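Summary of the model geometry
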Number of protein chains: 2
Amino acid sequence: MERRLTARGRERRRQLLDFAAERFATRGYHSTSVTDIIEGVGVGKGVFYWYFSSKEELFLEILREAMVELRQAQQEAIADEPDPVHRIEVGIRSSLVWLDTHRNLFALLEFAVGEERFGPALRHGQKIAVADVARQVEMGMEQGRIRHGNPELLTHAILGVTNQLTRVFIHERGGRGSDIADDAVAFCLGGLLGQDKILSSALPHTTVR
Amino acid sequence: MERRLTARGRERRRQLLDFAAERFATRGYHSTSVTDIIEGVGVGKGVFYWYFSSKEELFLEILREAMVELRQAQQEAIADEPDPVHRIEVGIRSSLVWLDTHRNLFALLEFAVGEERFGPALRHGQKIAVADVARQVEMGMEQGRIRHGNPELLTHAILGVTNQLTRVFIHERGGRGSDIADDAVAFCLGGLLGQDKILSSALPHTTVR
DNA sequence: GGTGTTCTTGACCGGTCGGTCAAGAACACC
DNA sequence: GGTGTTCTTGACCGACCGGTCAAGAACACC
């Protein structure tokens, strides 16, 4: 049966989560030991295992929290905007801003995707977000404003742009999400909205399907 | 002074490199021990340390080889194509095909970028490739065919699309590079070539700078 | 056959890890 | 004060790691 935590216990647990998240993000999951975490918080080993059954469970909980937060930020930003293309734009901008203000969580998400133990949980969480964006892409296609194609593929293309620009210009270069938002939006919308005619004129050697 | 290897020694070394690359890619660098590698190749521990000073050195060598090979594939594909926009397209296509036929190396590159010990070496190697693509983007801008913007940012946007589509549709879904190449190229060129007019018409609520 | 180099084995080492647990402190309720 | 629960400590454990090295095999050359 689930144990009850007091306010004191909940606060201690939160401390472990927050410290661990920062450490996992800056030093890496594998390079961070349980000893690192408890010494950083200033408690004994048993406290850790009182609140978490394992190091892996701790990481998974941090991962889930991050995905929930990112998703909420996107949904709040999009709110009741009716235009599908504008919803995509706002989604891109809010993602960049969120990843900017949560650099540690971005690092965790990036790390997790390549880990056998954590990748599935991450992909499961992202599947819903990806489906949402893909639906906006479909609606844009139905309105004749987004060129015909595979909505899910186009959604992942947008994700790729957002993540790569975040990693290079925010994470590595210390820039701000707002700095690159316009360019990111322009690139992505250009990729979505680009017409066959433009592609044909741009590529004298290639037939565009 | 550098030791000379016989043909027998070179072959053994190659065996260790190839087995380790596959294992690092499928099980992860941290989850792969030196013992895993030597048992997989069928040799004793001392053989490993005869050829490599450490596990880390082995991984770095695999990483460097992968980057050299990817770069060569791109350069061979581009060859003496004069049109900058077409060079970008061919570069995207050859990358997707190469990453398709070298899935293990792709996994390594993805892993390395987030590791403190390996990320710098990877980024150093990519800096040159990024600079090359950025130059094509600049030339396209000078010809008035690519919209004005930050060439390096646009280059990373392309990289983001290529990597994300490779991870999802090739690595996770088992698709082929050739399957997604047209869509990847269309998205990227749309992002590069998209005109202000298109963006303005697509975004009734937003002023495009 | 002798000499020197490359290649090989696998026991061994110190170190570190994730996780366990006996014992007790702090707290809340009666 | 007694009882029960939550919270806490840190010594301890088995397991595993990366790396070392004495000893010898395989080989090439003279």
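Keep in mind that this is a model prediction, so the values were computed, not measured.

**Remarks on helix 1 (residues 7-27) of chain B**
Residues and elements named next belong to chain B. When the terminal C-alpha atoms of helix 1 are compared, their 30 Å separation across 21 residues agrees well with the 30 Å that a helix rising 1.5 Å per residue should span. Those residues of helix 1 that sit buried are Gly9, Arg13, Leu16, Leu17, Ala20, Ala21, Arg23, Phe24 and Ala25. As for helix 1, its buried residues are in contact with helix 2 (34-41), helix 3 (45-51), helix 4 (55-78) and helix 6 (103-113). Where helix 1 terminates, the next one or two residues include Gly28, which has phi positive at roughly 100 degrees.

**Considerations on the protein's contact with DNA strand C**
Around DNA strand C sit 23 residues, and of these A:Lys45, B:Thr6, B:Gly9, B:Gly44 and B:Gly46 come closest. At 2.5 Å, a backbone N or O of B:Gly44 approaches a phosphate oxygen of DNA strand C. Taken together, the elements giving at least two residues each to the surface near DNA strand C come down to helix 3 (45-51) of chain A together with helix 1 and helix 3 of chain B. No other element matches the five residues that helix 3 of chain B contributes to the surface near DNA strand C. Among the residues making up the surface near DNA strand C, the classes are represented as seven nonpolar, eight polar and eight charged.

**Concerning the protein's contact with DNA strand D**
Residues in close proximity to DNA strand D total 23 residues, the closest being A:Thr6, A:Gly9, A:Gly44, A:Gly46 and B:Lys45. Contacts to DNA strand D include A:Lys45, whose backbone N or O atom sits 3.1 Å from a base nitrogen. Between DNA strand D and A:Trp50, the relevant distance is 3.1 Å, taken from a phosphate oxygen to a side-chain nitrogen or oxygen of the residue. Elements supplying a minimum of two residues to the surface near DNA strand D: helix 1 (7-27) and helix 3 of chain A together with helix 3 of chain B. Among the elements that make up the surface near DNA strand D, the one with the highest residue count is helix 3 of chain A (five residues). Its residues assigned to classes, the surface near DNA strand D comprises seven nonpolar, eight polar and eight charged.

**Details of the pattern of salt bridges**
Summed over the entire model, instances satisfying the criterion amount to 28 salt bridges over all chains. B:Asp100 serves as the salt-bridge partner of B:Arg176, at 3.1 Å between the closest nitrogen and oxygen. Here the residue B:Arg176 occupies a position in the loop between helix 8 (151-172) and helix 9 (177-193), and B:Asp100 occupies one in helix 5 (residues 84-101), the gap between them amounting to 76 residues. A residue is classified by how much of its surface remains accessible, and B:Arg176, at 42% relative accessible area, is partly exposed. Salt bridges here are not isolated pairs; linked through shared partners, they connect A:Arg14, A:Asp18 and A:Glu65.

**Quick word on the domain arrangement of chain A**
Residue and element names in this part refer to chain A. Taken domain by domain, chain A holds domain 1 (1-52) and domain 2 (59-202). Each partner contributes to the interface: domain 1 provides twelve residues, whereas domain 2 provides eleven residues. Taking both partners together, domain 1 and domain 2 bury about 940 Å²; carbon and sulfur atoms supply 64% of that area. Scanning the region where domain 1 abuts domain 2 turns up two salt bridges. When the shortest N-O distance is used, the salt bridge between Arg14 and Glu65 registers 3.1 Å.

**Let's talk about the environment of A:Leu165**
Mapping A:Leu165 onto the fold places it in helix 8 (residues 151-172). Filtering out sequence-adjacent residues up to four positions away, A:Leu165 remains in contact with A:Ile170, A:Ile180, A:Ala184, B:Leu153, B:His156 and B:Ala157.

**Some words on the interface of chain B and chain A**
The interface of chain B with chain A comprises 49 residues on the first partner and 49 residues on the second. Roughly 4200 Å² is buried in total at the junction of chain B and chain A, and carbon and sulfur atoms are behind 65% of that figure. For chain B, the biggest contributors to the area lost against chain A are B:Leu153, B:Gln164 and B:Phe187; these three give 15% of the whole. Our count for the contact surface shared by chain B and chain A stands at four salt bridges. A salt bridge links B:Arg173 to A:Glu152; the nearest nitrogen and oxygen atoms lie 2.7 Å apart. Of all the secondary-structure elements, those providing two or more residues to the side of chain B that touches chain A are helix 5, helix 8, helix 9 and helix 10 (196-202) of chain B. Ranked by residue count, the leading element in the side of chain B that touches chain A is helix 8 of chain B, at 16 residues.

Reading the values: rules and limits
Residues numbered from 1 in each chain as written. Chains lettered and ligands numbered in written order. Predicted model: local features only at pLDDT ≥ 70, side-chain atom pairs only at ≥ 80, totals over all residues. Heavy atoms only, no water. Helix = DSSP H or I, 4+ residues; strand = E, 2+ residues; numbered from the N terminus. Expected span 1.5 Å × (residues − 1). Buried < 20%, exposed > 50% of the residue type's maximum accessible area, 1.4 Å probe, protein only. Contact = heavy atoms within 4.5 Å. Near = heavy atom within 4 Å. Polar contact = N/O pair within 3.5 Å; in protein donor to acceptor, adjacent residues only side chain to side chain. Nonpolar A, V, L, I, M, F, W, Y, C, P; charged D, E, K, R; others polar. Salt bridge = Lys/Arg side-chain N within 4 Å of Asp/Glu carboxyl O. Domains from an automatic or database assignment. Buried area = accessible area lost by both parts, 1.4 Å probe.

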